[in-house]
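In case you want the letters, here they are:
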Amino acid sequence: MTDKIQKTEEEWRRELTPEQYRVLREKGTESPFTGEYVDTDTPGVYLCAACGQELFLSFTKFHSGCGWPSFFAPSKSETVDEHEDTSFGMRRVEVTCSRCGSHLGHVFPDGPRPTGLRYCINSVSLKLEPK
Ligand code: FE
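This text gives an overview of the structure that appears in the document. Computed from a prediction, not measured in an experiment: that's the story for all the values here.

How each quantity is defined
- Residues numbered from 1 in each chain as written.
- Predicted model: local features only at pLDDT ≥ 70, side-chain atom pairs only at ≥ 80, totals over all residues.
- Heavy atoms only, no water.
- Helix = DSSP H or I, 4+ residues; strand = E, 2+ residues; numbered from the N terminus.
- Buried < 20%, exposed > 50% of the residue type's maximum accessible area, 1.4 Å probe, protein only.
- Contact = heavy atoms within 4.5 Å.

## Observations concerning the environment of K131
With respect to the helices, strands and loops of the structure, K131 is situated in the segment after β9 (126–130). For K131, a relative accessible area of 70% puts it in the exposed group. Excluding anything up to four places from it in sequence, K131 contacts P43, G44 and V45.

Following this line, the structure appears as structure tokens:
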């Protein structure tokens, strides 16, 4: 069971940087190849930058070349929620943090084994806790 976090947009705006707010709360996207964790190989745990929930483990991270940190699986299936996203004339699957509802990125069916999935996640939505 996760304890859901509900905050007003005003509270989120106070706690997050403008760029974090734009991506996490307004479903924005950071520019490709600019994020802090695109090329990171540091062992550790990636937490939600908004609420601190554990989201991804470093061993699932791979170099996709797409310009955003990419993972083949979340740390547990219940840590992320998936939603159909038809914005910008595309059919994509949006990924959000299951605890606070913040936008993380999208998941695509072109990842490596063992899952065949690519969780394409904004660096600004993540906080790496090195292990
Ligand atoms: Fe969260």
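## What about the side chain of T79?
Locating T79 in the fold gives a position in the loop between β4 (70–71) and β5 (80–85). Assessed through its relative accessible area of 5%, T79 is described here as buried. Leave out the neighbours within four places in its chain, and T79 touches Q53, E54, L55, P74, T96, C97 and S98.

## Side note on the environment of G44
Secondary-structure assignment places G44 in strand β1 (residues 44–48). Note on G44: relative accessible area 8%, which makes it buried. Separated by 39 residues in the primary sequence, G44 and H83 have C-alpha atoms spaced 27 Å apart. The residues contacting G44, other than those within four sequence positions of it, are L57, S58, L128, E129, P130 and K131.

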